[in-house]
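A structural walkthrough
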Amino acid sequence: MIRTSGLSFNYGRESVLENINLNISEGRIYGLLGANGAGKSTLLKLITGLLKPKTGTVEIDNIPSFDRNPEIQKEFFYIPEDFTGPDIPVERYASALGAFYPNFNKEQFHSLCREMDVRCDKKFTKLSLGQHKKAIIAIAISLNTRYLFLDEPTNGLDIPSKSEFRKIISGNISDDRSVIISTHQVRDIENLLDDIIIIDNRSVLLSSSMEEIQRKYLFGVESSLDGGVLYSEEGLGGYMTIRENTEGLESKVNIETLFNYYNTIRKRGY
Amino acid sequence: MDYSSTHKPIYLQIADKMSERILSGEWKPEERIPSVREMGVAMGVNPNTVARTYEYMEQSGAIYNRRGIGFFVSPEGRKIVLKQMKEEFFANEIPVIRKKVEMLGITPEEMTVLLFR
């Protein structure tokens, strides 16, 4: 369990995150969403102990992240958005890292590389951007940590690789493993998510399971608008609408529309 | 708002795909179907979502679970799926088609030729 409470952070005078309260449980896939510069990466760095909170706390299994306790360090792995691998072959880097993670599985690593078409005998510096990204994803998954943080993992992946990425995440989640994926490209991962966390304007705009959202709201595409919509926006094929789900119906959550809806609520100031 | 204008939740979209496979005979009665995990990977969706689909299909009687072995198409699976899909077609798709037919002034004769020729 990861818990942040009253977490705030600033770079100099510039406040980046304010009063963030979040719980991250095991066995779930989280989407950390927000516009560029909303503070997603800073939040991930705080959770993984790379940054020190200015106020508030971040704890992984009740131990403050910034303690960098070795027992906790081996429970998670984090891929920053701008990851650049060292000038050594991918497989050597995998083994080197694997030494610190007791559940590292070398066979799994090699089979992931095969699945994603990554030449793991090559040096990172000889790989294309997409290959580079896939190589570190293969390593990250085969470390089999309880928590996996991926910052913009689909950036730089071509279309077939994005679909490959989804398959790999889907096939490697388990009840005791959580994946936290930050992205501003919701479409790439929306069908993977159990929960979404939306960060906007330095704070948590929404943190909820997809099921809860589905129970609460009804998402539709309507050709004309009659009354009673909570939110609507014009899109291709009609108005994207959100209504209160009073009849217990089921619809597919439209995360982009939901995001815009919460943004207007915030701007209205209630 | 009528319900046909909403997008189906993912777990039901997967159920549709599975139903089509049962209906087309790609999955035959008493045949074992992919596991929840295999299905999740194939579609690149969350395995919890697929688990919900299987639960839903099991409840409708289209598939059944042999503990420790896996999921199978029920002997009656095709019949069940056919009934469900028909009902849904009448409830959700026919109204949309009817609206369009009226809008475009298509005659019953034209429709008959197009559909049953």
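Calculation criteria
- Residues numbered from 1 in each chain as written.
- Chains lettered and ligands numbered in written order.
- Predicted model: local features only at pLDDT ≥ 70, side-chain atom pairs only at ≥ 80, totals over all residues.
- Helix = DSSP H or I, 4+ residues; strand = E, 2+ residues; numbered from the N terminus.
- Rg over C-alpha atoms; globule rule 2.2 N^0.38 Å.
- Buried ≥ 20, exposed ≤ 12 C-beta atoms within 10 Å, placed from the backbone.
- Contact = placed C-beta atoms within 7 Å.
- Pairing = 2+ DSSP bridges.
- Axes fitted to C-alpha atoms, helices over the stretch in contact; angles between N-to-C directions.
- Expected span 1.5 Å × (residues − 1).
- Nonpolar A, V, L, I, M, F, W, Y, C, P; charged D, E, K, R; others polar.
- Arc of directions from axis to C-beta.
- Domains from an automatic or database assignment.
- Parallel < 35°, antiparallel > 145°, perpendicular 65-115°, else oblique.
- Left-handed = near helix turned anticlockwise from the far one by under 90°.

Bringing the overall build of chain B into the picture now. Each helix and strand in chain B was counted, giving 5 helices and 2 strands. Along chain B, from the amino end to the carboxyl end, the secondary structure elements read α-α-α-β-β-α-α. Expected size for 117 residues packed as a compact globule is a radius of gyration near 13 Å; at 17 Å, chain B overshoots this value by more than 25%. Classification of the 117 residues of chain B by burial places 26% in the buried group.

Broken down by element type, chain A carries 8 helices and 13 strands. Scaling as 2.2 N^0.38, a compact globule of 270 residues should have a C-alpha radius of gyration of about 18 Å, and chain A matches this with 20 Å. Its C-alpha atoms give chain A principal-axis dimensions of roughly 60 × 40 × 35 Å. When each of the 270 residues of chain A is scored for burial, the buried share is 38%. Taking contacts inside chain A between residues at least 6 apart in sequence as the whole, the part at least 24 apart equals 67%.

Attention now moves to the environment of A:Ala96. Residues and elements named next belong to chain A. Assignment of secondary structure puts Ala 96 in helix H3 (residues 90-98). C-beta crowding within 10 Å serves as the criterion here: with 12 such atoms nearby, Ala 96 is assigned to the exposed category. Along the chain, Ala 96 and Ile 255 lie 159 residues apart, while their C-alpha atoms are 39 Å from each other.

Let's shift gears to the pairing of strand S3 (residues 29-33) of chain A. All names here are of chain A. Counting buried residues in S3 gives 5 out of 5 residues, a clear majority hidden from the surface. Strand direction decides the pairing type here: S3 and strand S8 (residues 178-183), joined by 5 bridges, are parallel. Across the sheet, residue Ile 29 finds its bridge partner in S8, namely Val 179. Note that S3 and strand S9 (residues 195-200) share 4 bridges and pair parallel. Paired with Leu 32 across the strands is Ile 197, a residue of S9.

Residues and elements named next belong to chain A. Judged by pairing direction, the sheet is antiparallel, and its 3 strands sit side by side in the order S11-S13-S12 without closing on themselves. Each having just a single partner strand, strand S11 (217-222) and strand S12 (231-235) make up the two edges of the open sheet. Here the average twist between neighbouring strands, direction ignored, is 20°. Pairing of S12 with strand S13 (residues 238-244) involves 5 bridges; the strand directions are antiparallel. From the neighbouring strand, Gly 235 faces S13, where its bridge partner is Gly 238.

Because the α-helix completes a turn every 3.6 residues, residues three or four places apart line up on one side. Residue and element names in this part refer to chain B. Helix length check: helix H4 (residues 77-104), at 28 residues, gives a terminal C-alpha distance of 38 Å against a target of 40 Å (1.5 Å per residue), a fit within 8%. Across the 28 residues of H4, 2 count as buried, placing the element largely on the outside. Where H4 ends, the next residue or the one after it, Gly 105, has phi of about 60°, a positive value.

This next bit is on the interface of chain B and chain A. In this complex, chain B contributes 17 residues to the contact, which on the side of chain A involves 22 residues. Secondary structure elements with two or more residues in the side of chain B that touches chain A: helix H1 (10-24), helix H2 (36-43) and helix H3 (47-60) of chain B. In terms of residue count, H2(B) provides more of the side of chain B that touches chain A than any other element does, 3 residues in total. Grouping the amino acids of the side of chain B that touches chain A by side-chain chemistry returns 8 nonpolar, 7 polar and 2 charged.

Our next topic: helix H4 (residues 106-116) of chain A. All names here are of chain A. For H4, the set of buried residues is Phe 109, Leu 112, Cys 113 and Met 116. All buried residues of H4 project into a common sector of 100° when viewed along the axis, lining one side. Exposed positions of H4 whose direction lies more than 90 degrees from the buried face are Glu 107 and Arg 114. As for H4, its buried residues are in contact with H3, helix H5 (129-142) and helix H6 (159-172).

Interface size is commonly expressed as the accessible surface area that is lost when the partners come together. Residue and element names in this part refer to chain A. Examined at the domain level, chain A breaks down into domain 1 (2-200) and domain 2 (211-268). Tallying contributions element by element places S9 first for the side of domain 1 that touches domain 2, with 3 residues. Its residues placed into classes, the side of domain 1 that touches domain 2 shows 4 nonpolar, no polar and 2 charged.

A word on the sheet that holds strand S2 (residues 14-24) of chain A. Residues and elements named next belong to chain A. One open sheet holds the 4 strands; their spatial order is S2-S1-S4-S5, and the pairing between them is antiparallel. Each end of this open sheet is capped by a strand with a single partner; those strands are S2 and strand S5 (63-64). Across 5 bridges, the pairing between strand S1 (residues 2-11) and strand S4 (residues 55-60) is antiparallel. Each bridged residue has a counterpart across the sheet, and for Thr 4 the counterpart in S4 is Val 58. Across the sheet, helix H1 (residues 40-47) is in contact with S1, S2 and S4; its angle to S1 comes to roughly 120°.

Time to look at the packing of H1(B) against H3(B). All names here are of chain B. Axis separation between H1 and H3 bottoms out at 8 Å; the angle between their running directions is 60°. Relative to H3, H1 is oriented oblique. With respect to the hand of their crossing, H1 and H3 are arranged in right-handed fashion. Contacts between H1 and H3 pair Ile 10, Tyr 11, Ile 14, Ala 15 and Met 18 from the former with Thr 49, Val 50, Arg 52, Thr 53, Tyr 56 and Met 57 from the latter. In terms of residue class, the contact of H1 with H3 is built from 8 nonpolar, 2 polar and 1 charged.

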